[in-house]
Amino acid sequence: MNRMFKATTAGRSVDEITEGRRLRRMRKADWSRRLVQENRLTVDDLIWPIFLIDGENRREEIAAMPGVFRLSVDLAVREAERAAKLGIPALATFPNVELSLRDQTGSAILDPDNLVNRASRAIKAAVPEIGVITDAALDPFTSHGHDGILRDGIIVNDETVAQIATAAVLQADAGADIIAPSDMMDGRIGAIRDALDAAGFQDVAIMSYATKFASAFYGPYREAIGTKGLLKGDKKTYYIDHANADEAVREAEQDLAEGADMLMVKPGLPYLDIIRRLKDEFAMPTFAYQVSGEYAMIRAAAANGWIDGDKAMLESLVAFKRAGCDGILTYFAPQVAEMLRA
Ligand code: PBG
C-alpha cells in the first residue's frame, strides 16, 4: 500500500445527512446515559428457581450448571431466608425425586408429603414472606421423564390433566402461592383453576408456562432433576414447535381464557419476540424463564474467559425487561440480587 486515499464523504456532510439529529449526543457521558435509560432491572424482577433433593444437609453441585445446587429441604429453607433478606420476591422449586419413587404415571406427585410439598411447608413456615411457586408437572416423578402419563407411546392428555389438577390442590395445601404448570397439556389451566376453587384456594394464583417451546436449552435441567438418562424421545407432541409464533399467541390466549393470572415464556433469550408479542397483545403480567441452557452458556463462556460473565448476565436480564417482562425466573437471581444491592 503506497497510495493513501483522502477520507471524505462522497457528497453531503454528516450534518447534512443527519439534518443535525445526532443520537450520540445523549450517549456522551455516564450521567446523560443514566438520565435517558429506559429499562432497569431491580431485585423485584427476580424469581429464583431452586432444585430439591431428599436427605439432610445435602448440597450437590450440578455439573452443567456451575454455582447451582440440589439442596435438601433444610438447606433450601436457609436459601429461602437468604433470598428474603436480599429482597427476592419468590422462589420456584423443582425436585430431583429418588429413582425408586418414579413410575409410569408419576404417581408420587399425588403424595401430599412428596419432596416438593415438604419443601413448601418448611419454607412457608420459616419464611412466610417469600412467594413459593411450584411446578405441577409430572416429569420429575415419571420413570420416563415425560410431563404426562405415557401409554402405548402416547402422552395421554386428559388423564394427565386430572392428575395435575389434583396435584395442584395438594401443592396449594402445602403452602404454594402460585401454581405454575409446565406440561403444556390442553385444558390444564381451567382444570387447575376449578380444582383450586373447589378446594377453597381462590387466592392461589396460576402462572401458566403458556408458551413453552420444544428446546435444546433444557439440557442441564434434565441433569439437575435426573431425567437426562430416562427421557425417551422428545417432547414435541406437547411443547410448541420453536419455529412458531402465532401458535404461541393462540396458546396464551387459551390459557388466559381458562383463568391464568400470569403468562410465562420459556426459554427466554431466543424468544424475546414472543415476550413482546404477548405483552402487547394481552397486557398481562408476563414472565420469562431464562432456562438452564442459557445459564450454562453464559457460565461456560465466562469460565473460558471468552465473555465477561457478570456483564453478559446483566445484559441478558435487562433484555427481558426491554422485551416487556415483568419478571424473570433466573438461576442468577441471588448473584444479581447481591450485585444490585452493592
Ligand atoms: C418440565 C420442565 C422443564 C424445565 C422445567 N420444568 C423442561 C424439560 O425438562 O423438558 C426446564 C427448566 C430449565 O431448563 O431451566 N416440566
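Just so it is clear, the structure is predicted and the values come from calculations on it, not from any experiment. (Residues numbered from 1 in each chain as written. Predicted model: local features only at pLDDT ≥ 70, side-chain atom pairs only at ≥ 80, totals over all residues.)

### Some words on the overall build of the protein chain
From N to C terminus, the protein chain includes 12 helices and 12 strands. Over its C-alpha atoms the protein chain spans a radius of gyration of 23 Å, differing by no more than 12% from the 20 Å that the globule rule assigns to 342 residues. Each principal axis of the C-alpha atoms in the protein chain carries an extent, and together these give about 80 × 45 × 40 Å. Counting across all 342 residues of the protein chain, residues that qualify as buried make up 44%. At a minimum sequence separation of 6, the contacts of the protein chain that also span at least 24 residues come to 75%. (Helix = DSSP H or I, 4+ residues; strand = E, 2+ residues; numbered from the N terminus. Rg over C-alpha atoms; globule rule 2.2 N^0.38 Å. Buried ≥ 20, exposed ≤ 12 C-beta atoms within 10 Å, placed from the backbone. Contact = placed C-beta atoms within 7 Å.)

### Thoughts on helix 11 (residues 309–323)
The end-to-end C-alpha distance of helix 11 is 21 Å, a good match for the 21 Å that 15 residues give at a rise of 1.5 Å each. Within helix 11, burial applies to Met313, Ser316, Leu317, Phe320 and Ala323. Along helix 11, the residues classed as buried sweep out an arc of 120° about the axis, all on the same side. What points out from helix 11, more than 90 degrees from its buried face, is the exposed set Lys311 and Arg322. Buried residues belonging to helix 11 abut helix 9 (272–282), strand 11 (286–290), helix 10 (292–303), strand 12 (327–330) and helix 12 (333–341). Gly324 sits one or two residues past helix 11 and shows a positive phi near 120°. (Expected span 1.5 Å × (residues − 1). Arc of directions from axis to C-beta.)

### A look at the UniProt feature "binding site: Mg(2+)" (unreviewed entry) in the protein chain
Under the feature "binding site: Mg(2+)" (unreviewed entry), the UniProt entry names Glu251. Structurally, Glu251 can be placed in helix 8 (residues 246–258). Given 21 C-beta atoms within 10 Å, Glu251 falls into the buried group. Setting aside its immediate chain neighbours within four residues, Glu251 contacts Ala210, Thr211 and Ile240. (UniProt positions renumbered as here; feature names shortened; annotations may be inferred.)

### As for the site of the ligand
Asp135, Ala137, Asp139, Asp147, Ser182, Asp183, Tyr218, Tyr221, Arg222, Lys235, Val291 and Ser292 make up every residue found near the ligand. Each residue belonging to the shell around the ligand can be placed in one class, and the counts come to 4 nonpolar, 2 polar and 6 charged. (Near = placed C-beta within 6 Å. Nonpolar A, V, L, I, M, F, W, Y, C, P; charged D, E, K, R; others polar.)

### Section: the packing of helix 3 (residues 73–86) against helix 12
At a minimum axis separation of 10 Å, helix 3 and helix 12 run at an interaxial angle of 30°. Crossing of helix 3 over helix 12 shows left-handed handedness. From helix 3, Arg82, Ala83 and Leu86 reach across to helix 12, where they touch Pro334, Ala337, Glu338 and Arg341. Taken together, the residues of the contact of helix 3 with helix 12 break down into 4 nonpolar, no polar and 3 charged. (Axes fitted to C-alpha atoms, helices over the stretch in contact; angles between N-to-C directions. Left-handed = near helix turned anticlockwise from the far one by under 90°.)

### Focus on the pairing of strand 3 (residues 65–71)
Bridge count between strand 1 (residues 46–53) and strand 3: 2 bridges; the pairing is parallel. Counterpart to Phe51 in the pairing with strand 3 is Arg70. Two successive antiparallel strands, strand 2 (residues 59–62) and strand 3, enclose a turn made up of 2 residues. (Pairing = 2+ DSSP bridges.)

### Description of the nonpolar core
Counting 98 residues, the largest nonpolar core has Leu52, Leu91, Ala168, Ile192 and Met264 as its most contacted members. Residue contacts for Leu91: discarding those within four places in its chain leaves Trp48, Ile50, Ala80, Ala83, Ile123, Ile130, Val132 and Ile133. (Core = buried A, V, L, I, M, F, W, Y, C linked by C-beta atoms within 7 Å.)

### Details of helix 3
An ideal rise of 1.5 Å per residue puts 20 Å on 14 residues; helix 3 measures up with 20 Å between its terminal C-alpha atoms. Every buried residue of helix 3 is accounted for by Val73, Ala76, Ala80 and Ala83. In an axial view of helix 3, the angular spread of the buried residues amounts to 65°, which keeps them on one side of the axis. The exposed residues of helix 3 that point more than 90 degrees off its buried face are Arg78 and Lys85. Residues of helix 3 that are buried in the fold lie against strand 1, strand 3, strand 4 (90–96), helix 4 (115–126) and helix 12. Gly87 occupies a position one or two residues after helix 3 and carries a positive phi of about 90°.

### Focus on the packing of helix 8 against helix 9
For any two helices packed against each other, one specifies the crossing angle of their axes together with the interaxial distance. With their axes 10 Å apart at the nearest point, helix 8 and helix 9 run at an angle of 45° to one another. Classified by the interaxial angle, the pair formed by helix 8 and helix 9 is oblique. Seen along the crossing, helix 8 lies across helix 9 with a hand that is right-handed. Contact with helix 8, carried on its side by Ala248, Val249, Ala252 and Leu256, involves Ile274, Arg277, Leu278, Glu281 and Phe282 of helix 9 and no other residues of that element. (Parallel < 35°, antiparallel > 145°, perpendicular 65-115°, else oblique.)

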